[in-house]
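# Coordinate inspection notes
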Amino acid sequence: NNPPNMGDVVEGNTPTFDRLIVRTRNYILRDGINLKGEEDGESSLDWSDAGTELEPSEWDEQLRSPKNMQLLDCRNKYESDEGSFVSAQPLNTQTFSDT
């Protein structure tokens, strides 16, 4: 039971939208962190101490290793309720900016 191909449902010359407006934003979600060049010009986050960037395979290896580690689930409560990471501690925040 595959979903129908859009070409089978809508004719190719039918406009998809009556009117489409695209606007760019500096943020998708406002987190309250000042970045350089904003407001007071000083960043409230030190990106030089952001930790080590891992490839997905390295991340998986770290999660499977037996050493002591605490994984914090920074998603909001609704997202954590939908599913969790093995041994992760959910923070149960209500909004993105709470993290």
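Scroll up to find the structure.
These figures come from a predicted structure and were not determined experimentally.

## Notes on the overall build of the protein chain
- Counting its regular elements, the protein chain contains three helices and two strands.
- Going from N to C terminus, the protein chain has its helices and strands arranged as α-α-β-α-β.
- Taking all 99 residues of the protein chain together, 7% fall into the buried category.
- With an accessible surface of roughly 9500 Å², the protein chain has 49% of that area assigned to carbon and sulfur atoms.

## Observations regarding the pattern of salt bridges
- With the rule as written, the count across this model stands at three salt bridges.
- Linking Asp60 and Arg64 is a salt bridge whose minimum nitrogen-to-oxygen distance equals 2.9 Å. Placement of the pair is Asp60 and Arg64 together in helix H2 (residues 56-64), with a separation of four residues, close to one helical turn.
- In this structure Asp60 comes out as partly exposed when scored by relative accessible area, which is 33%.
- The closest approach of N and O atoms between Asp73 and Arg75, which form a salt bridge, is 2.7 Å.

Thresholds applied
Residues numbered from 1 in each chain as written. Predicted model: local features only at pLDDT ≥ 70, side-chain atom pairs only at ≥ 80, totals over all residues. Heavy atoms only, no water. Helix = DSSP H or I, 4+ residues; strand = E, 2+ residues; numbered from the N terminus. Buried < 20%, exposed > 50% of the residue type's maximum accessible area, 1.4 Å probe, protein only. Areas by Shrake-Rupley, 256 points an atom, 1.4 Å probe, with all protein chains shown as cover. Salt bridge = Lys/Arg side-chain N within 4 Å of Asp/Glu carboxyl O.

On their own, these measurements won't tell you what the molecule is for.
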